[in-house]
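A look at the structure
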Amino acid sequence: MTGLFITFEGGDGSGKTTQSRLLTEWLTQAGHTVVHSREPGGTDLGVELREIILHRRGYIAPCAEALLYAADRAHNIATRVRPALERGDIVIQDRYLDSSVAYQGAGRVLDSAEVRELSLWAAEGLMPDLTVLLDLSAEDGRERLESSRDTYDRLEAEKSDFHERVRDSFLGLAEAEPRRFLVLAATEPIDALATAIQTRVAELLNR
Ligand code: TYD
């Protein structure tokens, strides 16, 4: 495959969406063809799954939740991401398999290695070329969410120890794969973050 697959990860309220959009604009202006995607919900099927995963009332068993995210991922990768990468496009995606390891593994306390294997099976082994982790404490994440909305989805509504486990898991993943990850403090100004991300992406493009 000739394209480039860049993912954004981080806790709720870390500003992934803002930064992935800014990077998409920057690359598009430089003449690249960019596909912006997200999980859950990057496809028509994914939009339906997203509604169930995030907004269904009542309990969803942790393994069922992991499988729903994996189903969304399998369809998104097969129908949108792989075809784009095969065309040579750049795919920028909000969240990918590291989110499953952090949220379903560390958050819901499933076996992280099994969750990762499930995602890799679903995505036929596709790994990102670069993963930008916007690191934020659970407390700061909560404050940001509170200032921007009144209702929370099923994951956002989890308590702060859940979100601290998620954060620690992301940091552990980044430590284990330092070449794939760019870790930035989400509390830095938006422009400074965007510049740091552009610098790293430019390096990748010049490889
Ligand atoms: P997202 O749309 O990124 O929400 P936000 O923009 O508010 O961060 O993701 C929705 C939620 O789904 C988010 O709380 C993280 C969670 N999630 C998982 O638990 N596992 C996964 O594999 C993915 C992709 C997301």
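Calculation notes
Positions within a chain are numbered from 1, following the residues in the order the chain's sequence is written. Only residues with pLDDT of 70 or above have their local features reported here, since the model is predicted, and side-chain atom pairs are shown and tallied only from 80 upward, although totals for entire chains, interfaces and linings are computed over all residues. Hydrogens and waters are ignored; side-chain quantities use all the structure's heavy atoms. Two strands pair under a simple rule: DSSP has to find at least two bridges between them. Each helix is a run of H or I in the DSSP string that is no shorter than four residues. Each strand is a run of E no shorter than two, and both are numbered from the N terminus. Note on method: axes are straight lines fitted to C-alpha atoms, helices fitted across the in-contact stretch only, with angles between N-to-C directions ranging 0 to 180 degrees. We define a salt bridge as a side-chain nitrogen of Lys or Arg found within 4 Å of a carboxyl oxygen belonging to Asp or Glu. Note on classification: 1.4 Å probe, protein chains only; a residue is buried when its accessible area is under 20% of the maximum for its type, exposed when over 50%, partly exposed between these limits. Near, as used in this document, describes a residue that has one of its heavy atoms within 4 Å of the molecule or strand being considered. Counted as a polar contact is a pair of N or O atoms within 3.5 Å, where, for protein atoms, one must be capable of donating a hydrogen and the other of accepting one, and residues adjacent in sequence contribute only when both atoms are in side chains. Surface accessibility follows the Shrake-Rupley procedure with a 1.4 Å probe radius. Residue values consider only the protein chains on display as shielding. For this classification, Asp, Glu, Lys and Arg are treated as charged, while Ala, Val, Leu, Ile, Met, Phe, Trp, Tyr, Cys and Pro are nonpolar and the rest, including Gly, are polar. Any pair of residues with heavy atoms lying within 4.5 Å of one another is described as a contacting pair.

Re the sheet that holds strand β1 (residues 4-10)
The strand order β2-β3-β1-β4-β5 describes an open sheet built from 5 strands, whose pairing is parallel. Because the sheet does not close on itself, it has two edges, and the strands there are β2 (34-38) and β5 (181-185). Strand-to-strand, the axes of this sheet are offset by a mean angle of 20°, without reference to chain direction.

So, the pattern of salt bridges
All chains considered together, the criterion is met by 12 salt bridges. Between arginine 87 and aspartate 89 there is a salt bridge whose closest N-O contact spans 3.0 Å. Classification of arginine 87 as exposed rests on a relative accessible area of 56%. Looking at aspartate 89, the relative accessible area reads 9%, which means it is buried. For the salt bridge of arginine 180 with glutamate 177, the shortest nitrogen-to-oxygen distance reads 2.9 Å. The class for arginine 180 is buried, based on a relative accessible area of 6%.

Quick notes on the site of the ligand
As a structural note, the neighbourhood of the ligand is formed by 16 residues, with Asp12, Arg50, Arg95, Ser100 and Gln104 the closest of them. Take arginine 73: an N or O atom from its side chain is 3.0 Å from an oxygen atom of the ligand. Burial of the ligand by the surrounding chains reaches 93%, relative to a free accessible area of 540 Å². Contributing elements (two or more residues each) for the shell around the ligand: α2 (44-55), α3 (62-87) and α4 (97-107). Per-element accounting of the shell around the ligand gives the leading share, 4 residues, to α4. Tallied by class, the residues present in the shell around the ligand amount to 5 nonpolar, 3 polar and 8 charged.

Regarding the environment of serine 119
Within the fold, serine 119 resides in helix α5 (residues 112-122). On the accessibility criterion, serine 119 (2% relative accessible area) is buried. Residues serine 119 and phenylalanine 162, spaced 43 residues apart in sequence, show a C-alpha to C-alpha distance of 21 Å. Look past the residues within four positions of serine 119 in its chain and what remains in contact with it is Arg73, Leu97 and Ser100.

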